[in-house]
Amino acid sequence: MTTTEKPDTLRRILDHSSRADPYPLYAELRRTPVALQEDGSYVVSTYRELTDLLHNPHLSSDTRNLSHPTAGAEEQATPAFINLDPPAHDRLRRMAMRHFGPPHTPGLVTGLEPVLTTTVSGLIDGFAGKEQIDVVDDFAYPFPVNVICHLLGVPREDEPRFHVWVNDLINSIDYDPRTDPKEKLEKGMQARKDLREYLGGLLAERHGRPGDDLLSRLANDDGPDGRMTDEEIISTANLLLIAGHETTVNLITNGMLTLLRHPQVLQRLRDEPDLVVPLVEELLRYEPPVHIIPWRAAYSDITVADTVIPKGSRIMLMLASGNRDPDRFHDPDRFDPDRRDNQHLGFGSGIHLCFGGPMARRETHIALTELVRRLDRPRLVTDPPPYRRSPVLRGPVHLLIEQGAG
Amino acid sequence: MTSADNLQAFKRDGRIVVVGASLAGLRAAETLRDEGFAGSLTMIGDELGEPYDRPPLSKQVLTGWVPAGGTKLPRRREIDAEWLLGVPAGGLDLATNHVRLADGREVPFDRVLISTGVRARPWFVESEAALDGVFVVRTREHAEGLQRALAAGPSRVLVIGAGFTGSEIASICRERDIPVTVAELAPAPLVGALGAMIGEVAADMQRAHGVDLRCGVKVTRLEGDAQGRLRRAHFDDGTTIDADVAVVALGGIRNTEWLRGSGLAAGVWGIACDTGCRALDLNGLITDDIFVAGDVARCPNPIYEYRLISLEHWANAVEQAEVAAHNMVSGQADRWPHLTIPVFWSIQFGVNIKSVGVPTFADEVVVTQGSVPDRRFVAAYGYRGRVTAAVSFNSAKWLDHYRQLIETAAPFPPPCPTPDQPADSKPAPVDFPGPALLAQGATVVVTGHDPSERRVTAAYQHR
Ligand SMILES: Cc1cc2nc3c(=O)[nH]c(=O)nc-3n(C[C@H](O)[C@H](O)[C@H](O)COP(=O)(O)OP(=O)(O)OC[C@H]3O[C@@H](n4cnc5c(N)ncnc54)[C@H](O)[C@@H]3O)c2cc1C
């Protein structure tokens, strides 16, 4: 049973005016779990179908398996592992993971804890005397960026430079040929080049000088899979840098916004800081930082929910919609930090499950606990806040709050 | 009183007894309370101490990483039960609804859950089994003893039987740099569970890690010294090896002897039940108040032609316990069938092995993803043209997909290529050691001529 979803639901989701609340549109989309679009691609929006697909070995992450490559699709000589299939994906992810978590580096995330706490308190100290705080610019952005720079070994003072590159790059991913000037795409291409060159420069300094940061480790360490080539290291660092920039910022900002909209939960978190662990899980379900996996390719014909998706088709996975599927989650539109059965898709699932998930979790635990502990009667200035353009990496571009007696 | 009233009264004031206080027993008790059972709950167990987890006993406990006492099962909620520990149940009287303890006490019940599991099959010569240095691994005490023996730095360990437990122990020995010989009657390790093709992979893995693997041989005798310490083992090919530790890993024996004479369909193969975990009596009729869960249960599975299957898998014990507990406190119309696809995992030689489905229910096997030489692959099993199981080596994240193939009776071999598929993968016969095991000992005889007279009686002549 192949049905054509009326084309405007998806288009409305992608339209910026829906960014503040796309959830009713997701509900509309879920009426057709696997919806064929006019351009031949398929949109998948229900939990069951999404998880089936995310574990389906016939789903490819490699653009080379699309029969019609998408506009602006990355033509990279060495794609990062996020855009690769096994065995190349497995090998690169394994080599990166050696330095990023268990079993070889089990203490990485816990070892970062002092850096996380100091950064967070420093930023909150900076709120003193301010009437208005922008949760994004004053806190949620500088925090994870600081951490990822520290981790990779990227000098903090270079941040303003690659901030621009990352911005251009993300904008070019959102490129829409119907409305956007081509210049935007070209800016993105240039940014990608500049960023890679910049990372290449850093890497060149690291060869033969083993150190604690990830770049040095990748440059100097031989594991059972050998050593990454420079190109592979640059792709990996590039991926981590961008992922470390965008997603955690949104998770923290969405978190603060959600707490301000649920004052009882905010108060509970103040009274019982341990609540933060299930609360962040619920946040990852309720307001995930990554809403959509914008494309995957059908490597062979794939049957989902009685629909045959032909080989070579582009598939769009609406993760945030799956997170609100009433067939999977009881009362899904309710923010409930006490939810028990909470296998959300906030970090995806399957072999591409978010690599930085444990770190993002810890960052957000500390960020939200400290914000809630130290802010004095925080209030939203505008609700909804203005949103970033991207429907994929969704979050407020600014989140203004006031605190104190006001 | 209506049956709904009866059920309410039972949930309020009823008496439930759980025999076998380990994984399945504890999880069932927790579920009973979750489902609102407020009556009296009695846990009978022959082991002392709180219920603990067994999988770490052949893994983390033997490396010394986790102390044997540190494997206590997490409690998910208060169960407010009376615990009768350290005494085995000795009998079940269905006429008067009593469990009889070995010390003579009698415990009355309205409903009973049997979760007495299996015990390790001991070495077949008692005097040799009693030698210092000869071990089995099923309980915490066993694992503790073996861990101590390994820590003492034995000159060589002999593992008898290369199933999952034996292979895991061999792996630990190599991890601890202890010389180890593995003796297996089958042509390769894990063959009984996963067939000849995977068995070969497992054999390569053992040899690559320096295990002295001897297949197709039988250990005939364990020889001790004057002090009663193990010194040497003799094989049926006339060879011997010197070893000061031997681990007997020859599988388990189901704890059903205490049910002799109870009238239940209980024997060496376990206790037969329906998918709702209600025990069958000897005639194959379903009982109303007797439930079974875990390693001791033998449950039909519609996916596998409704055959009665017993599994010694952790997840199976948990799931059956939850279904059994639910059904114990639910009316007929609300009962659940236990229909989950079995899963099993093991860790050995640095490889995570995981399976879904029932690999022994297969005639062919094919590698569908990854690379066998890299020990990173998925193999699918098929029976008469449909997928019935899959096993993964270091690729467990794909298994949900295969579970779905099993559930939907997808065709075997799976027709569609995946990105990471060996070009030359062709289905091969699965080659299990043969049906001899299934034929072991007829344990009942049928009597009577008229349909109203036909009855089954137990025959305990086996073994
Ligand atoms: C060393 C080892 C490693 C394992 N590794 C894995 C693994 O990696 N993955 C996996 O899926 N599974 C594994 N398993 C299997 C898993 O542990 C079992 O499936 C699980 O323990 C079954 O739980 P159960 O409650 O049914 O039975 P059991 O755990 O056997 O519990 C039965 C209990 O009943 C008691 N009992 C017996 N008779 C009586 C009586 N007459 N009266 C009172 N009490 C009685 C027993 O002493 C025992 O305490 C492993 C098992 C062992 C032993």
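Now for a quick tour of the structure.

Parameters at a glance
- Residues numbered from 1 in each chain as written.
- Chains lettered and ligands numbered in written order.
- Predicted model: local features only at pLDDT ≥ 70, side-chain atom pairs only at ≥ 80, totals over all residues.
- Heavy atoms only, no water.
- Core = buried A, V, L, I, M, F, W, Y, C linked by side-chain atoms within 4.5 Å.
- Buried < 20%, exposed > 50% of the residue type's maximum accessible area, 1.4 Å probe, protein only.
- Contact = heavy atoms within 4.5 Å.
- Helix = DSSP H or I, 4+ residues; strand = E, 2+ residues; numbered from the N terminus.
- Expected span 1.5 Å × (residues − 1).
- Salt bridge = Lys/Arg side-chain N within 4 Å of Asp/Glu carboxyl O.

**Things to note about the nonpolar core**
- Judged by nonpolar contacts, the single largest core of 95 residues is most densely connected at Phe139(A), Met256(A), Met318(A) and Leu368(A).
- Leaving out residues up to four positions away in the same chain, Phe139(A) has contacts with Val120(A), Leu123(A), Ile124(A), Phe127(A), Asp134(A), Pro144(A), Ile252(A), Ala367(A) and Leu371(A).
- If you look at the next biggest cluster of nonpolar residues, it comprises 50 residues, including Ala170(B), Leu194(B), Val201(B) and Val367(B).

**Re helix α2 (residues 23-34) of chain B**
Residue and element names in this part refer to chain B.
- If you check α2, its first and last C-alpha atoms are 16 Å apart, about what 12 residues at 1.5 Å a residue would give, namely 16 Å.
- Burial of α2 is extensive: 11 of the 12 residues sit out of reach of the surface.
- Every buried residue of α2 is listed here: Leu 23, Ala 24, Gly 25, Leu 26, Arg 27, Ala 28, Ala 29, Glu 30, Thr 31, Leu 32 and Arg 33.
- The elements touched by buried residues of α2 are β1 (15-19), β2 (40-45), β3 (82-85), β7 (111-114) and α8 (314-328).
- Following α2 by one or two positions, Gly 36 has its phi on the positive side, about 90°.

**Let's talk about the pattern of salt bridges**
Residue and element names in this part refer to chain B.
- One pass over the full model with this rule turns up 62 salt bridges over all chains.
- The partner of Arg 174 in a salt bridge is Asp 177, and the shortest N-O contact between them spans 3.9 Å.
- By relative accessible area, which is 59% here, Asp 177 ends up exposed.
- One salt-bridge network, in which partners are shared between bridges, spans Arg 27, Glu 30, Arg 76 and Glu 322.

**Remarks on unusual backbone geometry**
- Residue Pro103(A) is bonded to the preceding Pro102(A) through a cis peptide linkage, with omega at 0°.
- Within the fold, Pro103(A) resides in the loop between α4 (88-97) and α5 (108-125).
- Between Phe412(B) and the following residue, Pro413(B), the backbone shows a cis peptide bond with an omega angle of -5°.
- Within the secondary structure, Pro413(B) sits in the loop between α9 (399-407) and β29 (428-429).
- Of note in this structure, Asn394(B) is not a glycine but carries a positive phi near 50°.

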